[in-house]
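Fold and contact review
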Amino acid sequence: MVKTIFIGDVQAGKYDGQEVELMGWVKRSRGSNKIRFVVLRDSTGVIQCVVKKDAIGEESFEQVKGALIESSIKITGIINADERADGGHEMIASSIVIVGSVNPQHPFPITESAMKAADGGETEFLLDNRHLYLRTSRMTAMLQMRSTVFGSIHNYFRDLDFTEYQAPNFVAGAVEGGSTLFEVPYFGKKVYLTQSWQLYAEAAMPALERLYTIAPSFRAEKSRTRRHLTEFWHAEMEVAWATNDEIMTHGEGVVRKIASDLLENRSTELESIGRDLELVARYADSPYPRMRYDEAIETLQGMGVDVEWGQDLDYSKEKVLTQDFDVPHFLTHYPKIAKPFYHRVDPDEGQYVLCHDLLAPEGYGEIIGGGERTWSEAELLARLDEEGTDKAAYQFYIDTRSYGGVPHGGFGLGVDRVCSWLTGADHIREVIPFPRDSRRVSP
Ligand code: 4AD
Ligand code: MG
């Protein structure tokens, strides 16, 4: 059973006047004892099929009447172009086979009335039924756009001769602070799920010089916000001999490419979920300004926000700051005290580190964190001591500096965050098939 004809192609006019066989799922069905209108969906679109008892015979017609929503069917008929039809085409059916039926005792549970009646509210109801909710047109569009985003990231780096490189997910130490580490029992020892690929990428930096990955990272984030998951997809890159400015150029490059690929390949999907294409075009076409952390603090203080120099900016502050941005902005030169040991201290002004966050507009906030690394062994040891971090788990990392350390840097981009910001989703969990947060690990 090889499927060669997709509804999207039929709606694009490729089969007008021809007899074809379509395979898909029943989205809606209504009609009388003589004629039924079956709206068929597949991964590429929907089409109305007109099914007459006279044309398909009594027995088949009874089966069609019994084919509930989400039954899978094969249906053959002539394709007619018709302006009045949804999508511009309809099928006049000549035969139909029910492939996978739906038991009338258990009809498809996701309905308007079930959502309204759900005890825990609509959102929880849809999350409980996530495995079925994936079939809705909104989720289908989200997943297709997500795939485009992954493809853009791979293409950006591969076109520049970066090597794709994998790091372990079981690790012995933290990268981004101990408070968000997931502990895992490991044959009588305790290990952690990785928060970032970075430290292991730095070990391979002298071998590969330009490397990247897209992999899951894990953070035990207790707070549930519209931009936090406990398991998220992290696109990270590392480059030898690079400065903070060069790394930012790649961050800007990859985000602009993602926006431009979405516009080029997924404008229908973007529009279907109500996204303003002009905004996405602006993010693809405009340069991203760079400003220093100090300026951001002054701006926030000027807006009456209670924030002090030295604090890392949390979501509440980034939200206010980015509300009026028209394009993403880089914030650079955060205070040393706000960032972990691996950030390189600015040799000219020792209270800052040579780092950046890329903050997305529309009140979205951080989508990238990166910068130059502490690359000299002496400085690294001093930074670990200053933080009071036990060096045992980092001996391999220290070694990478002992044998021919070089200036280098990289960044991490939250892929789910970028999907959610660019698609205009209300919440990060809308863009990932099975979102994980502090309360939910099922289905
Ligand atoms: O800023 P973060 O913590 O930086 C790092 O992990 C560096 N080691 C990356 C590097 O330089 N290679 O995380 C990077 C990005 C954030 O900007 C954010 O987009 C995303 O990862 N991120 C999350 N996305 C979803 N849910 C979470 N809980 C996230 N935590 C971070
Ligand atoms: Mg960060």
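Quantities reported herein were computed from a predicted structural model and do not represent experimental measurements.

So, how was this worked out
Residues numbered from 1 in each chain as written. Chains lettered and ligands numbered in written order. Predicted model: local features only at pLDDT ≥ 70, side-chain atom pairs only at ≥ 80, totals over all residues. Heavy atoms only, no water. Helix = DSSP H or I, 4+ residues; strand = E, 2+ residues; numbered from the N terminus. Buried < 20%, exposed > 50% of the residue type's maximum accessible area, 1.4 Å probe, protein only. Contact = heavy atoms within 4.5 Å. Areas by Shrake-Rupley, 256 points an atom, 1.4 Å probe, with all protein chains shown as cover. Lys, Arg positive; Asp, Glu negative; His and termini not counted. Charge placed at Lys NZ, Arg CZ, Asp CG, Glu CD. Salt bridge = Lys/Arg side-chain N within 4 Å of Asp/Glu carboxyl O. Polar contact = N/O pair within 3.5 Å; in protein donor to acceptor, adjacent residues only side chain to side chain. Axes fitted to C-alpha atoms, helices over the stretch in contact; angles between N-to-C directions. Parallel < 35°, antiparallel > 145°, perpendicular 65-115°, else oblique. Left-handed = near helix turned anticlockwise from the far one by under 90°. Nonpolar A, V, L, I, M, F, W, Y, C, P; charged D, E, K, R; others polar. 1 Å grid on protein atoms, 1.4 Å probe; cavity = no way out; pocket = protein on both sides within 12 Å on 5 of 7 lines; lining within 4 Å. Points joined across faces, edges and corners; volume = space filled by probe spheres on them. Pairing = 2+ DSSP bridges. Arc of directions from axis to C-beta. Near = heavy atom within 4 Å. Sits in = over half its atoms within 2 Å of the grid points.

1. A word on the overall build of the protein
In terms of helices and strands, the protein carries 15 helices and 16 strands. Seen through its principal axes, the protein has C-alpha atoms that stretch 85 × 50 × 45 Å. Considering the protein as a whole, with its 443 residues, one finds that 51% of them fall into the buried category. A fraction of 65% describes how many contacts in the protein between residues 6 or more apart in sequence connect residues 24 or more apart. When the accessible surface of the protein is summed, it comes to about 20600 Å², and 50% of that surface belongs to carbon and sulfur atoms. Taking the average place of the 48 positive charges on the side chains of the protein and the average place of its 68 negative ones, the gap between the two points comes to 7 Å.

2. Thoughts on the side chain of arginine 130
Counting through the fold element by element, arginine 130 comes out in helix α6 (residues 130–133). Buried charge without a partner: arginine 130 forms no salt bridge, and the closest opposite charge is glutamate 430, 7.5 Å away. Among the polar contacts listed, one links the side chain of arginine 130 to the backbone oxygen of arginine 429, at a separation of 2.5 Å. With residues up to four places along the chain from it excluded, the contact list for arginine 130 reads Met139, Arg429, Glu430, Ile432, Pro433, Phe434, Pro435 and Pro443.

3. Focus on the packing of helix α8 (residues 198–208) against helix α14 (residues 395–402)
In contact at an axis separation of 9 Å, α8 and α14 are set at 30 degrees when each is read in the N-to-C sense. In terms of orientation, α8 and α14 fall into the roughly parallel class. For the pair α8 and α14, the sense of crossing is left-handed. Contacts between α8 and α14 involve Gln198, Leu199, Tyr200, Glu202 and Ala203 from the first element and Phe396, Tyr397, Thr400 and Arg401 from the second. Looking at the contact of α8 with α14 residue by residue, the classes come out as five nonpolar, two polar and two charged.

4. So, the layout of surface pockets
The volume enclosed by the largest pocket comes to roughly 950 Å³. Within the residue set of the lining of the largest pocket, elements represented by two or more residues are β11 (231–240), α12 (315–322), β14 (355–360), β15 (365–372), β16 (408–414) and α15 (415–423). Here the residues of the lining of the largest pocket are counted per class, giving 13 nonpolar, 15 polar and 14 charged.

5. A few points about the pattern of salt bridges
Counted according to the given criterion, the structure contains 32 salt bridges. A salt bridge links arginine 158 to glutamate 164, with the shortest nitrogen-to-oxygen separation between them at 2.5 Å. Overall, glutamate 164 belongs to the partly exposed group, its relative accessible area being 28%. The salt bridge partner of glutamate 386 is lysine 336, with a shortest N-O separation of 2.8 Å. Highlighted residues: glutamate 386 in helix α13 (residues 377–387) and lysine 336 in the loop between β13 (329–332) and β14, separated in sequence by 50 residues. What you see here is one network of salt bridges that share partners, running through Glu124, Asp128, Arg439 and Arg440.

6. As for empty space enclosed by the protein
Scanning the model with the defined rule gives one cavity of 30 Å³ or more in all. There is about 40 Å³ of room inside the largest cavity. Looking at the largest cavity, the residues that line it are Glu202, Met205, Trp375, Thr400, Arg401, Gly405, Val406 and His408. Within the residue set of the lining of the largest cavity, elements represented by two or more residues are α8 and α14. Split by residue class, the lining of the largest cavity holds three nonpolar, three polar and two charged.

7. Points about the sheet that holds strand β5 (residues 89–100)
Spatially, β1-β2-β3-β5-β4 is the arrangement adopted by the five strands of the closed barrel, whose pairing is mixed. Between one strand and the next, the sheet's axes are offset by a mean angle of 55 degrees, whatever the strand orientation. Where strand β3 (residues 45–52) meets β5, three bridges bridge the pair, whose relative direction is parallel. Counted as the bridge partner of valine 50 is isoleucine 92 from β5. In the packing of helix α3 (residues 58–66) onto the sheet, contacts are made with β2 (35–42), β3 and β5, and the angle to β2 comes to roughly 60 degrees.

8. Some words on helix α11 (residues 293–302)
Residues of α11 that are buried include every one of Tyr293, Ala296, Ile297 and Leu300, and no others. One side of α11 holds all its buried residues, which, seen down the axis, span an arc of 100 degrees. In α11, the exposed positions that point more than 90 degrees away from the buried face belong to Glu298 and Gly302. Of the surrounding secondary structure, the elements contacted by the buried residues of α11 are β12 (290–292), α12 and β13.

9. Description of the site of ligand 1
Around ligand 1 sit 24 residues in total, of which Glu176, Gln198, Leu229, Glu236 and Glu366 are the nearest. Protein chains shield 95% of the accessible area of ligand 1, which is 620 Å² for the free molecule. With respect to the pocket detection grid, ligand 1 is positioned in the largest pocket. Listing elements by their share of the shell around ligand 1, those giving two or more residues are β11, β15 and β16. Among the elements that make up the shell around ligand 1, the one with the highest residue count is β15 (five residues).

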